[in-house]
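# Geometric and topological summary
Residue strings, one per chain:
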Amino acid sequence: MEGVVQGVGFRPFVHALATSLGLTGLVGNDLDGVFAEVEGPAVAVTEFLRRLERDAPPLARIERVSTAAVTPRRSAEFVIAASDAGSGLRRTLVSADTATCADCLRELSDPADRRHGYPFINCTNCGPRFTIVRDVPYDRPLTTMAPFRMCERCAAEYHDPADRRFHAQPTCCPVCGPRLTLLNSGLNSGLNSGLNSALSSAADDSTDPLQAAAELLRHGRVLAVKGLGGYHLAADAGCEQAVAALRARKHREDKPFAVMAAGLAAAARLAEVDAAAAALLTSQARPVVLLPRRSGAAVAPATAPGNRQLGIMLPYTPLHHLLLAAVARPIVLTSGNVSDEPIAYRDDEARETLRDIADAFLVHDRAIHVRTDDSVTRTFRGRPMLVRRSRGYVPEPITTTTGFPRQVLACGAELKNTFCLARGRHAFVSHHIGDLENAETLRSFTEGIEHFRRLFDIDPQVVAHDLHPEYLSTKYALELDLPLEGVQHHHAHIASCLADNGETGPVIGVAFDGTGYGTDGTIWGGEFLMADLAGFERGGHLAPVPMPGGAAAIRQPWRMAAAYVPDSDVARRHPDQWSAVVAMAAKGINAPLTSSAGRLFDAAAALLGVRDAINYEGQAAVELEQLAETLSPGEAGAYSAAVQAGVPFTIRASDLLHAVIEDRTDGVPAPLIAARFHRGVAALIEAGCLLMRERYGLGTVALSGGVFQNLLLLHDTVARLEARGFRVLIHSRVPCNDGGISLGQAVVAAARDRSL
Ligand SMILES: [Zn+2]
Ligand SMILES: [Zn+2]
Ligand SMILES: [Zn+2]
């Protein structure tokens with residue numbers, strides 16, 4: 001049996017299964033996974049094989065079962081063979097961190113259980129994994145549980161094949177395991193408040209730190225909580241004063257905070273939870289799920305200012321379960337960091353960076369080895385769509401159909417960076433590293449690569465990278481003394497979508513995003529590619545426009561309005577700079593050309609008066625989408641854009657913006673204009689795909705790039721393409737944004753290897 005079959009209770013499961021069927025023989029771990037020899041009546045052996053896959057333990061992922069006849073040993077019973085701790089064990093897979101299982105929850109709430117109320121309860125079926133593993137083989141001494149010596153009772157369970165905690169590496173109990181502590185940050189010391197009384201009572205050993213922490217949250221305080229993959233900042237989600245204080249201290253202006261609700265019922269009071277969303281919320285990975293917020297939901301406005309969506313997750317550690325039960329209301333739970341820095345995960349660093357944000361720290365003494373953010377998901381047509389693939393999913397590999405002839409390192413993009421190491425059929429896409437623009441994130445990137453190389457025993461023979469010479473990930477790749485494979489950004493997007501769907505192309509690839517370096521040195525981002533895994537041809541794109549001020553135009557959407565429509569009335573809001581910016585665009589001074597669809601959305605948002613400057617990536621487009629969403633579907637027509645034939649063809653997207661201005665002048669309501677603009681973009685994608693089909697004779701379209709996080713656009717685009725008879729591929733397992741780029745780069749490098 002190959003796959004995730006070690007450290008997940010697989011051998012005890014095989015033991016119990018064989019014994020129940022009256023079979024004799026043995027089961028053990030080996031280089032590739034788990035092997036078993038069974039002996040008994042043919043009908044029982046057949047049943048054994050059937051149930052092996054059907055009833056496997058919850059964390060197991062069986063990828064392959066191979067069988068062969070062996071000489072009978074005539075043994076009298078079924079036994080678990082000692083494992084071979086050789087270096088070959090590296091080839092088996094480390095599981096992702098997993099939400100507390102039902103059995104552990106039952107014990108957690110059972111006053112008669114010895115782990116009653118213990119915030120670190122876990123077993124073979126649940127608990128920390130990837131975040132605590134320092135090295136392989138996955139064994140307690142090589143995890144951050146090493147300093148905790150198992151007590152006799154825990155050790156007895158650990159060694160008993162019939163026990164749920166047999167070989168559960170992080171197993172522990174109140175006697176021998178990690179402990180919680182509540183610490184004052186010093187931020188508000190001297191204030192005569194609920195804080196001080198709660199803290200002083202926490203200092204008294206008789207008080208539970210968890211109850212005291214809950215008391216602080218109920219008093220509107222901000223709490224730093226050490227979680228599974230890093231520190232979170234928590235506040236009462238219903239208390240505007242608390243959430244606003246958190247926002248101000250964290251220097252985060254508008255970007256929404258996630259909320260943790262105690263269970264599905266509590267989540268459904270805040271947002272609309274359909275069956276697909278419920279399945280995601282309660283899945284073992286427990287990601288944040290972006291959901292339509294209920295009107296009148298008891299959530300402080302500062303949680304997600306002006307946002308119609310709410311990111312909700314359910315408790316995934318025993319500590320969360322206990323805390324949520326004690327607070328008895330939903331809490332904001334957001335990354336423990338200042339502004340755009342990576343989430344804090346080391347104790348000293350967290351105490352330092354978060355002391356001006358948190359009133360108190362709820363901490364414990366189990367170290368976090370790998371910083372891992374919460375994953376973020378949404379659903380589309382009942383299917384999960386990963387927006388950020390991290391805790392709970394990583395490091396489980398994406399299994400590809402085509403495989404990797406050489407071991408590959410793919411360095412990813414600049415924003416929302418992930419890297420990818422690949423060998424055999426497996427692509428190990430890393431946890432979310434973040435935006436590679438500060439030293440701390442760069443360190444996560446380089447250390448992460450080293451860690452993955454050790455964990456999965458990969459020694460890359462080729463390095464894939466973006467073509468952008470200024471990306472830190474590109475510079476890292478170029479400094480390695482290894483063969484290089486440059487992969488164009490939008491080709492990587494489409495290749496990623498193909499790999500996500502287990503396909504190889506060729507397809508019509510529509511890659512719409514913010515920015516990506518083109519092969520002609522301009523900035524691309526509204527691309528129609530004829531692509532397979534090995535290569536692509538640029539069949540068409542949005543007509544390029546200047547980006548006045550370069551990166552400044554990304555932060556200030558009004559500049560794109562100036563570039564697209566120099567005589568628009570947005571000028572009135574920027575009287576001092578407007579003419580200079582227009583001149584910059586006209587003369588092409590510090591104004592690189594771009595065919596970016598993201599910048600087109602920015603211009604539309606500025607022209608509609610939605611947003612002139614952004615506080616987080618994609619904000620203008622998000623707000624434009626939400627404005628259009630206030631409309632009931634089917635009300636709006638679509639603006640249209642002229643196509644300039646040629647190879648490549650170009651689409652005059654500025655037509656959409658002139659239509660926006662015309663409708664505005666005519667007094668058409670803003671939501672209706674926003675909707676017509678969205679449908680106009682979907683219509684121009686449809687038109688582009690029809691031209692591509694005519695030229696290349698392809699009937700499948702792959703949609704990728706961050707712009708397709710816009711569900712309004714995605715729904716309309718997919719519907720239009722399907723109505724035209726296209727087969728449409730979209731992302732599910734990896735993000736359509738730049739978090740998916742590393743997978744795309746890896747499969748492109750492999751495809752070029754195969755075509756050599
Ligand atoms: Zn468990
Ligand atoms: Zn113990
Ligand atoms: Zn991109």
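Residues numbered from 1 in each chain as written. Chains lettered and ligands numbered in written order. Predicted model: local features only at pLDDT ≥ 70, side-chain atom pairs only at ≥ 80, totals over all residues. Heavy atoms only, no water.

### Let's talk about the overall build of the protein
Within the protein, the regular secondary structure consists of 23 helices and 28 strands. Computed over its C-alpha atoms, the radius of gyration of the protein comes to 27 Å, within 12% of the 27 Å expected for a compact globule of 756 residues. Viewed in the frame of its principal axes, the protein has a C-alpha envelope of about 85 × 70 × 50 Å. The buried share among the 756 residues of the protein stands at 57%. Counting only contacts in the protein whose residues sit at least 6 apart along the sequence, the fraction spanning at least 24 positions is 71%. Per element, the accessible surface of the protein, about 28400 Å² overall, is 51% carbon and sulfur. If the 74 positive side-chain charges of the protein are averaged to one point and the 84 negative ones to another, these points end up 2 Å apart. (Helix = DSSP H or I, 4+ residues; strand = E, 2+ residues; numbered from the N terminus. Rg over C-alpha atoms; globule rule 2.2 N^0.38 Å. Buried < 20%, exposed > 50% of the residue type's maximum accessible area, 1.4 Å probe, protein only. Contact = heavy atoms within 4.5 Å. Areas by Shrake-Rupley, 256 points an atom, 1.4 Å probe, with all protein chains shown as cover. Lys, Arg positive; Asp, Glu negative; His and termini not counted. Charge placed at Lys NZ, Arg CZ, Asp CG, Glu CD.)

### With respect to the coordination of the zinc ion (ligand 2)
In this structure, Cys151 (SG), Cys154 (SG), Cys173 (SG) and Cys176 (SG) serve as the protein donors to the zinc ion (ligand 2), at separations of 2.3 Å. In this structure, the zinc ion (ligand 2) is surrounded by four donor atoms whose angles at the metal cover 104 to 118 degrees, and the resulting shape is tetrahedral. Positions of the donor residues of the zinc ion (ligand 2) along the chain correspond to the pattern C-x2-C-x18-C-x2-C. Of the two residues, Cys154 is situated in helix α4 (residues 152-159) and Cys173 in the loop between α4 and β6 (180-184); the sequence distance between them amounts to 19 residues. (Donors = N, O, S within 2.8 Å, 3.2 Å for Na, K, Ca; no water. Tetrahedral: all angles 85-135°; square planar, octahedral: opposite > 155°, others 65-115°.)

### Brief notes about the sheet that holds β6
A sheet is described by the order of its strands in space; here ten strands give the open sequence β6-β13-β7-β8-β12-β9-β11-β10-β14-β15, paired in mixed fashion. On the outer flanks of this sheet lie β6 and β15 (383-388), each paired with one strand and no other. Direction aside, the axes of adjacent strands within the sheet are offset by 35 degrees on average. Across four bridges, strand β10 (residues 288-292) lies against strand β11 (residues 309-313) in antiparallel orientation. From the neighbouring strand, Pro292 faces β11, where its bridge partner is Gln309. Relative to strand β12 (residues 331-335), helix α10 (residues 318-327) is tilted by about 145 degrees, and along the sheet it contacts β6, β7 (223-226), β8 (231-236), β9 (258-260), β12 and β13 (360-364). This element, helix α22 (residues 711-723), spans β14 (376-380) and β15 of the sheet and lies at about 35 degrees to β14. (Pairing = 2+ DSSP bridges. Axes fitted to C-alpha atoms, helices over the stretch in contact; angles between N-to-C directions.)

### Some words on the pattern of salt bridges
Applying the stated criterion across every chain, the model contains 43 salt bridges. Residues Arg50 and Glu47 are paired through a salt bridge, measuring 3.1 Å at the closest nitrogen-oxygen approach. Note that Arg50 and Glu47 are positioned in helix α2 (residues 42-54) at a spacing of three residues, about one turn of the helix. With a shortest N-O distance of 3.5 Å, Arg249 and Asp359 are connected by a salt bridge. Of this pair, Arg249 sits in helix α7 (residues 240-250) while Asp359 sits in the loop between α11 (347-354) and β13, and the two are 110 residues apart along the sequence. Overall, Arg249 belongs to the partly exposed group, its relative accessible area being 23%. One salt-bridge network, in which partners are shared between bridges, spans Arg346, Glu349, Arg371, Glu440, Arg443 and Glu447. (Salt bridge = Lys/Arg side-chain N within 4 Å of Asp/Glu carboxyl O.)

### Description of the coordination of the zinc ion (ligand 3)
The zinc ion (ligand 3) binds to the protein through His489 (NE2), His493 (NE2), Asp513 (OD) and Asp738 (OD), with metal-donor distances spanning 2.1 to 2.2 Å. Sequence spacing of the donor residues for the zinc ion (ligand 3), all on one chain, is H-x3-H-x19-D-x224-D. In this pair, His489 is assigned in helix α14 (residues 489-500) and Asp513 in strand β20 (residues 507-517), connecting sequence segments 24 residues apart. Grouping residues by exposure puts His489 and Asp513 together as buried.

### Thoughts on the sheet that holds strand β17 (residues 420-429)
Ordered by their spatial adjacency, four strands build an open sheet running β17-β16-β18-β19, and the pairing between neighbours is mixed. Edge positions in the sheet fall to β17 and β19 (484-487), since each has one partner strand and no second. Taken over all neighbouring pairs, the strand axes of this sheet differ in orientation by 60 degrees on average, direction set aside. The pairing of strand β18 (residues 462-466) with β19 spans four bridges and is parallel. From the neighbouring strand, His465 faces β19, where its bridge partner is Gly486. The sheet strands contacting helix α23 (residues 741-754) are β16 (398-410), β17, β18 and β19, and the helix crosses β16 at an angle near 85 degrees.

### Regarding the nonpolar core
With 73 residues, the main nonpolar core has Val510, Phe512, Phe677 and Leu703 as its most contacted residues. Top contributing element to this core by residue count: helix α21 (residues 670-696), with twelve residues. (Core = buried A, V, L, I, M, F, W, Y, C linked by side-chain atoms within 4.5 Å.)

### Some details on α2
Relative to the 18 Å expected for 13 residues at 1.5 Å per residue, α2 spans 19 Å between its end C-alpha atoms, a close match to the ideal helical length. When we look at burial in α2, the residues that qualify are Ala44, Phe48 and Leu52. Axial view of α2: buried residues confined to an arc of 80 degrees, hence all on one face. Exposed positions of α2 whose direction lies more than 90 degrees from the buried face are Ala42, Val43, Thr46, Glu53 and Arg54. Buried positions along α2 lie against α1 (10-20), β3 (33-39) and β4 (61-64). (Expected span 1.5 Å × (residues − 1). Arc of directions from axis to C-beta.)

### Side note on the side chain of Asp236
As for its placement among the helices and strands, Asp236 is situated in strand β8. A polar side-chain atom of Asp236 sits 2.6 Å from a polar atom in the side chain of Arg329. (Polar contact = N/O pair within 3.5 Å; in protein donor to acceptor, adjacent residues only side chain to side chain.)

### Re α1
Here α1 has its buried residues at Phe10, Arg11, Pro12, Phe13, Val14, Leu17 and Ala18. On its buried side, α1 packs onto β2 (24-30), β3, α2, β4 and β5 (78-80). Looking one or two residues beyond α1, the residue adopting positive phi is Gly22, at roughly 75 degrees.

### Focus: the packing of aromatic side chains
According to the stated counting rule, one finds 15 aromatic pairs in the structure shown. Relative to Phe452, the ring of Phe130 has its centre 5.8 Å away and its plane inclined at 80 degrees; by these criteria the two rings are edge-to-face. On the criterion of sequence distance, the pair formed by Phe130 in the loop between α3 (102-108) and α4 and Phe452 in helix α12 (residues 439-455) is long-range, its members being 322 residues apart. Judged by relative accessible area, Phe452 falls into the buried class, the value being 0%. Ring geometry for Trp524 and Phe536: centres 6.3 Å apart, planes at 85 degrees, overall edge-to-face. (Phe/Tyr/Trp six-rings, centres within 6.5 Å; stacked < 30°, edge-to-face > 60°.)

### Describing the pairing of β10
Look at any regular strand and the pattern is simple: side chains alternate between the two faces of the sheet. Sheet topology note: the β10/β14 ladder contains two bridges and is parallel. Pairing of Val289 across the sheet is with Thr377, part of β14.

### Describing the pairing of β7
Burial along β7 is two-sided: the face carrying Leu223 and Val225 and the face carrying Ala224 and Lys226 are both buried. Inspection of the sheet shows β7 paired to β13 by three bridges, in the parallel sense. Residue pairing in the sheet places Ala224 in a bridge with Phe361 of β13. Here β7 pairs with β8 via four bridges, running antiparallel. Opposite Lys226, over in β8, you have Tyr231 as the bridge partner. The turn joining β7 and β8, which pair antiparallel and follow one another in sequence, is formed by four residues.

### Digging into the packing of helix α18 (residues 597-607) against helix α19 (residues 619-629)
For the pair α18 and α19, interaxial distance at closest approach is 8 Å and the crossing angle is 60 degrees. When the axis of α18 is compared with that of α19, the two are oblique. Of the two elements, α18 crosses α19, and the hand of that crossing is left-handed. Residues Phe601, Asp602, Ala604 and Ala605 of α18 pack against Ala620, Ala621 and Leu624 of α19. Here the residues of the contact of α18 with α19 are counted per class, giving six nonpolar, no polar and one charged. (Parallel < 35°, antiparallel > 145°, perpendicular 65-115°, else oblique. Left-handed = near helix turned anticlockwise from the far one by under 90°. Nonpolar A, V, L, I, M, F, W, Y, C, P; charged D, E, K, R; others polar.)

Fair warning: the whole summary comes from geometry, so function is off the table for now.
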